[in-house]
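In case you want the letters, here they are:
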Amino acid sequence: AINHSGKKHFFAYTTTPFNTEDVQHVCNDKSLIQDLVSRKVHMPKTKKYLRPDLDPSWHDKIEFGSEQGIVTDICHNFSFPLMVKMNAGSLGRNVFKCKDDVDVAKAVREIFKEDWALLAQELIDKDKEFRVVIVNNVVELVYYKGASEFFSKDSETFKDVADFLVPLKECINLNWAGLDVIRD
């Protein structure tokens, strides 16, 4: 807990005291983020798949009745290599770079042990990857992911990343967030 002006703020797992509950829920659901921001921010081709054994009365339409059906659809709709990731994951956990159908089958099997949905996504030919920190809907920090040097706010890189994320403000109110931005 952090005490600020007599008020305690608690940080528990992936939650912060700065975002509302609805925003926190959206931030923990990759498919919701994709739906919200893909109309405003360029995102890679992505498709959501639901675990076949889910009760359809509680979820979206269950499109595939088996994991093999999901694997076949992913292989049919995406080029290799591709990414398969759990919907609710963070910190790179259960993110698979798949080079063939065997890798896709393994990814699907592993993800559905822990999550009710997964995302298949085209692989971005990464040139640079940035970590961005947003405070009160404003980009405050930009740095290369894995590095410790920050770009100054007047640098061209900082301005490019901040400009790219301007449409995000129209989609979601982020009081505190860390985002990964890839330049292809």
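Heads up: the structure comes first, above all this text.
Predicted model only: the values in this text are computed from it and were never measured. (Residues numbered from 1 in each chain as written. Predicted model: local features only at pLDDT ≥ 70, side-chain atom pairs only at ≥ 80, totals over all residues. Heavy atoms only, no water.)

Undergrad: Requested: an account of the packing of helix α3 (residues 67-77) against helix α4 (residues 101-112), with residues and values cited.
TA: For the pair α3 and α4, interaxial distance at closest approach is 9 Å and the crossing angle is 130 degrees. The orientation of α3 relative to α4 falls into the category oblique. The hand of the α3/α4 crossing is right-handed. Along its contact with α3, which presents Glu67, Ile70, Val71, Ile74 and Cys75, the element α4 presents Asp101, Val104, Ala105, Val108, Arg109 and Phe112. In the contact of α3 with α4, the residues fall into eight nonpolar, no polar and three charged. (Axes fitted to C-alpha atoms, helices over the stretch in contact; angles between N-to-C directions. Helix = DSSP H or I, 4+ residues; strand = E, 2+ residues; numbered from the N terminus. Parallel < 35°, antiparallel > 145°, perpendicular 65-115°, else oblique. Left-handed = near helix turned anticlockwise from the far one by under 90°. Contact = heavy atoms within 4.5 Å. Nonpolar A, V, L, I, M, F, W, Y, C, P; charged D, E, K, R; others polar.)

Undergrad: Mind laying out the sheet that holds strand β5 (residues 95-98), listing which residues take part and the relevant values?
TA: Pairing in this open sheet of four strands is antiparallel, and the strands run β3-β6-β4-β5 from one edge to the other. Edge positions in the open sheet fall to β3 (46-50) and β5, since each of these has one partner strand only. Neighbour-to-neighbour, the strand axes of this sheet turn through a mean angle of 20 degrees, independent of strand direction. Sheet analysis places strand β4 (residues 82-86) next to β5, joined by four bridges and oriented antiparallel. Looking at the pairing, Leu82 lines up with Cys98 of β5. Sheet strands touched by helix α2 (residues 30-37): β3, β4 and β6 (117-122). Its angle to β6, the strand with the most contacts, is close to 50 degrees. Together, β3, β4, β5 and β6 form the strand contacts of α4, whose direction differs from that of β5 by roughly 170 degrees. (Pairing = 2+ DSSP bridges.)

Undergrad: Explain the nonpolar core residue by residue, including any values.
TA: If you look at soluble globular proteins, the nonpolar side chains tend to sit buried side by side. Among the nonpolar cores identified, the biggest contains 18 residues, and Tyr49, Ile74, Val108 and Leu118 are the most heavily contacted of them. If you tally residues by element for this core, the top one is α4, at five residues. Aside from chain neighbours lying at most four places away, what touches Leu118 is Lys47, Lys48, Tyr49, Ile74, Val84, Lys85, Met86, Asn87, Val108, Ile111 and Phe112. Of all hydrophobic cores here, the second largest spans 17 residues; its members include Phe130, Val161, Ala177 and Val181. (Core = buried A, V, L, I, M, F, W, Y, C linked by side-chain atoms within 4.5 Å. Buried < 20%, exposed > 50% of the residue type's maximum accessible area, 1.4 Å probe, protein only.)

Undergrad: Would you mind going over the side chain of Lys85 in detail, with residue names and values included?
TA: Along the chain, the position of Lys85 falls in strand β4. Buried and without a salt bridge, Lys85 has Asp180 as its closest oppositely charged side chain, separated by 8.3 Å. A distance of 2.8 Å separates a polar atom in the side chain of Lys85 from a polar atom in the side chain of Gln121. Excluding residues within four positions of it along the chain, Lys85 makes contact with Lys30, Asn94, Val95, Ile111, Leu118, Leu119 and Gln121. (Lys, Arg positive; Asp, Glu negative; His and termini not counted. Salt bridge = Lys/Arg side-chain N within 4 Å of Asp/Glu carboxyl O. Polar contact = N/O pair within 3.5 Å; in protein donor to acceptor, adjacent residues only side chain to side chain.)

Function cannot be inferred from these measures alone, as they are strictly geometric.
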